[in-house]
Amino acid sequence: MNIWQIIARLLPFVKPYKLLVFISLVLTLIGAVAAQINPLVLRYTVDTIQQLLNEGRTEQGSASLFLYISAILFGKELINIAVRYGQSMLGERIRVNLSSQLSQYAVEKILTYKYAFFVDDENATGKLQTRIDRGAESLTRFVQRIFIDLLPLFANAILALFIMFHANFYVGLIASIVMPIYFLLSWQQAGMLKGVRRGLRTLRETKTNGLFNIIESIIVIKSFVREEYEREKQARLQRNLIDAQLRQRKTNYVFDALKSFAEQVGVTLIIILTSYLVLDGQMSIGSIMFHILLFNNVSAPIRQLHRIYDEINEAMTYAEGFFEVLDADSAIEESGDITIENLYGTFELKNVNFTYPNGTPALFDVSMKIPHGKTVAFVGLSGAGKSTLLNLLCKFYAPTGGKITLDGKNLHDYDTHLLRRKIGLVLQKNHIFKGSIEENIRYGNMNASFAEVREAAKKAYLHEQIEQLPDKYETDAQQLSGGQQQRIAIARLFLKDPPIIFLDEPTASLDAIATEQIKNSLDAIKADRTTVVISHSISQIIDSDVIFVLKEGRVVESGTHEELYNNNGTYKEIFNASARSLNLGRISKTLR
Ligand code: ADP
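Residues numbered from 1 in each chain as written. Predicted model: local features only at pLDDT ≥ 70, side-chain atom pairs only at ≥ 80, totals over all residues. Heavy atoms only, no water.

This part takes up the overall build of the chain. Within the chain one finds 22 helices and 10 strands. Taking 25 Å as the expected radius of gyration for a compact globule of 592 residues, we find that the chain reaches 37 Å, considerably beyond that expectation. Considering only C-alpha atoms, the chain reaches an extent of 125 × 60 × 55 Å along its principal axes. A separation threshold of at least 6 residues defines the contact pool for the chain, and within that pool the share at least 24 residues apart is 76%. Accessible area of the chain: about 32600 Å², with a carbon and sulfur share of 58%. Here the chain contributes 64 positive and 61 negative side-chain charges, whose respective centroids are spaced 3 Å apart. (Helix = DSSP H or I, 4+ residues; strand = E, 2+ residues; numbered from the N terminus. Rg over C-alpha atoms; globule rule 2.2 N^0.38 Å. Contact = heavy atoms within 4.5 Å. Areas by Shrake-Rupley, 256 points an atom, 1.4 Å probe, with all protein chains shown as cover. Lys, Arg positive; Asp, Glu negative; His and termini not counted. Charge placed at Lys NZ, Arg CZ, Asp CG, Glu CD.)

Right under this line is the structure:
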């Protein structure tokens, strides 16, 4: 992206503040004019003094001169203060508004993206967040730089140059000849710093991550006695960081010196030329200072050029990533327009094939019927495709071949949001948001009263435990144990009260007591609903109305527990292995 493309993309976001921008531009112009007053006043002062000296000084003449220039200079300074105040306030207002608009827009946009977008490696949580945060931040800084630094400085410089040319063409010419040299040097400096800065940034990120990793894995580090190794790894990073920082300093030092020299050459040439013109009688003596001060106005912005250039470059790098996230229109979730009035809840899959967007094939020619009001189980080894099937049923992905219908109509044609309102999904680990237990349960139904939240917690065997906590329902939900968090997920399900329920190993990470209680609550909610269960625990699937056995993405068997067991196939193998792993022999002896 180049600078114009960025500006074009930002325009819609800046548009609501066009009045602010306009006022800011007017202030810029006033500021630029005010900046030229010093040289003008100085020339006037010197020339008047010269005149007074030549004509014989009068008390009245010098008094009125002092009064006159004091009034102008103070007046100018007051205007200057007002202009700068106005500019920074306006700039800040534009910046803050723009920043919040960009972030909000990004959030709104990615919320419309489909699940697959977030699963993509490119969009891993950290990466996506960095792209959005950095993008919004550097774009905002870009706008701020333009309004607060670039425009005022350049308006100032152009006006000063214009006045110089107007006063004397040759002096103006000298002032403008120095500019390309300056530009060239700044450009080179920014170019060299770009590499160094990028390296520095990566090193800093690695260092932060390094510390984070140490804290995160401290137990492994300590148990393997790897303190020394980690220490050395960090020390190496620090050394590289120091090297890079010094390199940056050196580059800056060399270029700053070169630019300072070029500026000095400019000043010297102007002094020589103006002195010559004064001696030649073509200029008044006040013009020497006049031109030097004007030249200072011309070179001041260019002195900052490399910094501005650098930041604009950075903005361009991040802007690209930012707008890429915003432009991922192909990631927008598709939705049909079939609304759901009386959902019956029968799914049918016909010859469904599915390959993940990254090319991993996961399902082959899957056909099955998940009848309304029944409980269906998916059984199979890890990686067989069970969760993938649920993903398709939730419309997180569309099948790459074949067809899925719900109550006879293509799943693809249903309104996605309405469909998901009818589905309750409980996973092995469910996200608990930062907030109280009450808020977390209410996620299942935002309009639920507190009494309803409590009722749901009771059904999920959670209420009594909550009552024992000092802050009860106000307790921070993220502090709860894994089992309790899982119960929150189930309480959400009770509150949502959906006609279709998908359970993906809901008790896999729980202890025996929790598993039993949660199984009881799930058994209660399953009645009269279309339910799909994935579980490695035989007890959870044995009562299902139909069991589908998956192997390497295909359905290899289906039927009730008894039918499948007598089939002597994959199901029996899994069942027997599961029973052996439980050491059923010993258990039954104990129980006898
Ligand atoms: P199960 O639930 O039976 O353990 P999955 O449905 O999770 O199996 O996985 C089936 C296959 O799909 C596996 O080969 C797995 O590696 C692959 N897979 C699962 N999720 C993704 C994904 N998001 N992207 C690419 N491949 C995936």
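Next up on the list: helix α9 (residues 227-279). When the terminal C-alpha atoms of α9 are compared, their 77 Å separation across 53 residues agrees well with the 78 Å that a helix rising 1.5 Å per residue should span. At the C-terminal side of α9, Gly281 shows a positive phi close to 80°. (Expected span 1.5 Å × (residues − 1).)

On to the site of the ligand, then. Surrounding the ligand, one finds 14 residues, the nearest of these being Gly383, Gly385, Lys386, Ser387 and Thr388. Within the side chain of Lys386, a nitrogen or oxygen atom sits 2.9 Å from an oxygen atom of the ligand. In this structure, Ser387 approaches the ligand through a side-chain N or O atom, which is 2.7 Å from an oxygen atom. In isolation the ligand has 560 Å² of accessible area, and contact with the protein removes 68% of it. Take the shell around the ligand: its biggest share by element is three residues, from helix α12 (residues 386-393). Here the shell around the ligand is composed, by residue class, of six nonpolar, seven polar and one charged. (Near = heavy atom within 4 Å. Polar contact = N/O pair within 3.5 Å; in protein donor to acceptor, adjacent residues only side chain to side chain. Nonpolar A, V, L, I, M, F, W, Y, C, P; charged D, E, K, R; others polar.)

A separate point is the environment of Gly86. As for its position among the elements, Gly86 is in helix α4 (residues 59-111). Between the alpha carbons of Gly86 and Arg131 there is a distance of 32 Å; along the sequence they are 45 residues apart.

Ordered by their spatial adjacency, six strands build an open sheet running β6-β7-β8-β3-β9-β10, and the pairing between neighbours is mixed. Each end of this open sheet is capped by a strand with a single partner; those strands are β6 (423-426) and β10 (554-559). Within this sheet the neighbouring strands show an average axis-to-axis angle of 15°, counted without direction. Alignment of strand β3 (residues 375-379) against strand β8 (residues 530-534), held across four bridges, turns out to be parallel. Each residue of the ladder has a partner; that of Phe378, found in β8, is Ile534. Strand contacts of helix α17 (residues 482-496): β6 and β7 (500-504), with the helix running at about 175° to β6, the strand carrying the most contacts. (Pairing = 2+ DSSP bridges. Axes fitted to C-alpha atoms, helices over the stretch in contact; angles between N-to-C directions.)

Glancing now at the nonpolar core. Grouped together as the largest cluster of nonpolar side chains are 37 residues, with contacts concentrated most on Leu10, Leu102, Phe117, Leu139, Phe142 and Phe322. Those residues in contact with Leu139 that sit more than four places away from it in its chain are Ile6, Leu10, Leu102, Ala319, Phe322 and Phe323. Of all hydrophobic cores here, the second largest spans 35 residues; its members include Leu343, Ile370, Phe502 and Phe548. (Core = buried A, V, L, I, M, F, W, Y, C linked by side-chain atoms within 4.5 Å. Buried < 20%, exposed > 50% of the residue type's maximum accessible area, 1.4 Å probe, protein only.)

This paragraph deals with the domain arrangement of the chain. Considered domain by domain, the chain is made up of domain 1 (3-331) and domain 2 (346-422 + 534-580). A C-alpha centroid distance of 60 Å is found between domain 1 and domain 2. (Domains from an automatic or database assignment.)

Okay, the pattern of salt bridges next. All told, the structure shown has 16 salt bridges when counted by the stated rule. A single salt-bridge network, built from bridges that share partners, covers Lys76, Glu77 and Arg84. (Salt bridge = Lys/Arg side-chain N within 4 Å of Asp/Glu carboxyl O.)

All right, on to the sheet that holds strand β2 (residues 361-370) then. Read across the sheet, four strands follow the order β2-β1-β4-β5 without closing on themselves; strand pairing throughout is antiparallel. Here the strands that pair on one side only, and so sit at the sheet edges, are β2 and β5 (409-410). Bridging between strand β4 (residues 401-406) and β5 involves two bridges; their strand directions are antiparallel. When the bridges of β5 are listed, Leu406 appears paired with Lys409.

Topologically, Thr475 is positioned in the loop between α16 (463-467) and α17. Looking at Thr475, its side chain comes within polar contact range of the main-chain oxygen of Lys472, at 2.6 Å. Contacts of Thr475, omitting those with residues within four sequence positions, involve Gly435, Ser436, Ile437 and Leu469.

Looking now at the packing of helix α3 (residues 37-55) against α4. Running from N to C, α3 and α4 cross one another at 175°; their axes reach a closest spacing of 11 Å. Considered as vectors, α3 and α4 are oriented roughly antiparallel to each other. Contacts between α3 and α4 involve Ile37, Asn38, Val41, Tyr44, Thr45, Thr48, Ile49 and Leu52 from the first element and Gly61, Ser62, Leu65, Tyr68, Ile69, Ile72, Leu73 and Lys76 from the second. Along the lines of polarity and charge, the residues of the contact of α3 with α4 split into 10 nonpolar, five polar and one charged. (Parallel < 35°, antiparallel > 145°, perpendicular 65-115°, else oblique.)

The end-to-end C-alpha distance of helix α1 (residues 3-14) is 15 Å, a good match for the 16 Å that 12 residues give at a rise of 1.5 Å each. Burial in α1 covers these residues: Ile6, Leu10, Phe13 and Val14. Projection of α1 onto a plane perpendicular to its axis shows the buried side chains occupying an angular sector of 80°, all on one side. For α1, the exposed residues lying more than 90 degrees away from the buried face are Trp4, Leu11 and Pro12. (Arc of directions from axis to C-beta.)

Note that Glu573 resides in helix α21 (residues 570-581). Counting along the chain gives 51 residues from Glu573 to Leu522, while the straight-line C-alpha distance between them is 27 Å.

Our focus in this paragraph is the pairing of strand β9 (residues 546-551). Here four bridges tie β3 to β9, and the two strands are oriented parallel to one another. By the bridge assignment, Phe378 is partnered in β9 with Phe548. The pairing of β9 with β10 spans five bridges and is antiparallel. Following the sheet pairing, Phe548 is matched in β10 by Ser558.

Among the five residues of β3, five are classified as buried, and the element is accordingly described as predominantly covered. The alternating pattern of β3 places Thr375, Ala377 and Val379 and Val376 and Phe378 on opposite faces, both of which are buried.

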